[in-house]
Structure formats: structure tokens, C-alpha cells
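# Secondary and tertiary structure notes
Listed below are the residues making up each chain.
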Amino acid sequence: MVLGYHGCDAEIAEKLLGGEDFLFSGNPWDWLGPGAYFWETNPRRGYEFAVELKQRKYKHNKIETPAVVGAVINPGLCLDLATAAGIEIVRDAHRRLVDLYEDAELELPRNETDLLRRNLDCAVIEFVHGLREIEGDPSVDSVRGVFIEGGPIYESSGFYARTHIQIAIRNPNCIKGVFRVAPDLYK
């Protein structure tokens, strides 16, 4: 089990706390593919993301009052990009996807430099899911990745200010419970 934190609008937070289901994101740029996104063990980063969304005024994520909701998550069958096995699965899928695009003479999706629009990463993760289905392997319940963001926390540091672990839940049954997060944990 892991604790995940979902940044959202306060109205959505109350609906989730009241028992409504998490909406799954399905944007072509979602880093870990479609799913409900959580910041693993990091309520502050979840809240900061909601604040960022409000400031950026994205059409698809309208945030009036930033909030964060906690969830108890059983990742189930997890494509974990913090493991050698997970990395190799994704590396192999990327090679195979490149070959398909080249054979079809199509342009491969690209990741943008803003670290938000990760079209290539999303396409590769989706390709992994498609391969698993074709090969008769069980569906992945979640995808987990470590992302290094922000600047070094001190000169020559290998630690970065906004490094985090994100988990995208593909199977809603992995979300075992939702809880209110005390503001002193994220503000």
C-alpha cells in the first residue's frame, strides 16, 4: 500500500471525499499514460501542482481553489519505472514503436521541453499496454515513475528541488480509500 496525493479543485476534493470516483486523465501528453494521477507520499507537491494549474489556467483543469486529497492505494500489477525490469519493458516498447513508425513513414510523437507535454512517453506507455493485450498478458493496474524536476538544491548537488514519484492508477479498484489531508502537511 502507498499513500498518494491528488491535486485538484476544492469542490472536486469534496466530491471525492464524499465517494465520487476519480476521473481518469486521457491526454496524449500524460507522462505515464491514462489514469488517475497521484503524487506518492508527497501532499505538498500535489497541492503545488493544483496551484500551478490555477496559475496556468488550463482549459481542461479549471482550478478555482487549489486543494489536495489523499488516497490509500494498492498499486496492484505495477509497471514501475524505478526498477530495472520496468525500465527494460519501456525501453523495448520504445524500440518497437520507433520501428513501427519508421515502417509506416510516420513522425514519432515528441516530448516538449516544458516537462508537461510528454506525448512520446505517453505513446510508449500506451504501446506497452497494447503489447500486453496482444500477447495475452494481464493488464497493468498502475504505472509509477520517478521524475527529476527543478534545480539542484545546492551547488553540485545530485538532489533536485522538485523531484517526485508519480503514480497513474489505471484500475480504479486499486484506490482503497480517500482521506482529507491536514493543511499543515501541504502548505
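For the structure, see preceding data.
Quick look at the structure, then. (Residues numbered from 1 in each chain as written. Predicted model: local features only at pLDDT ≥ 70, side-chain atom pairs only at ≥ 80, totals over all residues. Heavy atoms only, no water.)

Attention now goes to the pattern of salt bridges. Considering all chains together, one arrives at 14 salt bridges under this definition. Across the salt bridge formed by arginine 144 and glutamate 40, the nearest N and O atoms sit 2.8 Å from each other. Here the residue arginine 144 occupies a position in strand S5 (residues 142-147), and glutamate 40 occupies one in strand S2 (residues 36-40), the gap between them amounting to 104 residues. In terms of burial, arginine 144 and glutamate 40 fall into one category: buried. The salt bridge involving glutamate 149 is made with arginine 45; its shortest N-O contact spans 3.3 Å. Of this pair, glutamate 149 sits in the loop between S5 and strand S6 (164-169) while arginine 45 sits in helix H2 (residues 43-56), and the two are 104 residues apart along the sequence. (Salt bridge = Lys/Arg side-chain N within 4 Å of Asp/Glu carboxyl O. Helix = DSSP H or I, 4+ residues; strand = E, 2+ residues; numbered from the N terminus. Buried < 20%, exposed > 50% of the residue type's maximum accessible area, 1.4 Å probe, protein only.)

If you look at the biggest cluster of nonpolar residues, it comprises 17 residues, and the most contacted ones within it are Leu32, Leu79, Val90, Ala93, Val124 and Val143. Of all elements in the fold, only helix H3 (84-103), helix H4 (119-134) and S5 reach the threshold of two or more residues within this core. Of the residues forming this core, the biggest block, six residues, is contributed by H4. Formed by 15 residues, the second largest nonpolar core is a distinct cluster that contains Val2, Cys8, Phe38 and Ile175. (Core = buried A, V, L, I, M, F, W, Y, C linked by side-chain atoms within 4.5 Å.)

Compared with the 20 Å implied by 1.5 Å per residue over 14 residues, the 20 Å span of H2 between its first and last C-alpha is a close match. For H2, the full list of buried residues reads Pro43, Arg45, Gly46, Tyr47, Ala50, Glu52 and Leu53. On its buried side, H2 packs onto strand S1 (2-9), S2, strand S3 (66-73) and S6. (Expected span 1.5 Å × (residues − 1). Contact = heavy atoms within 4.5 Å.)

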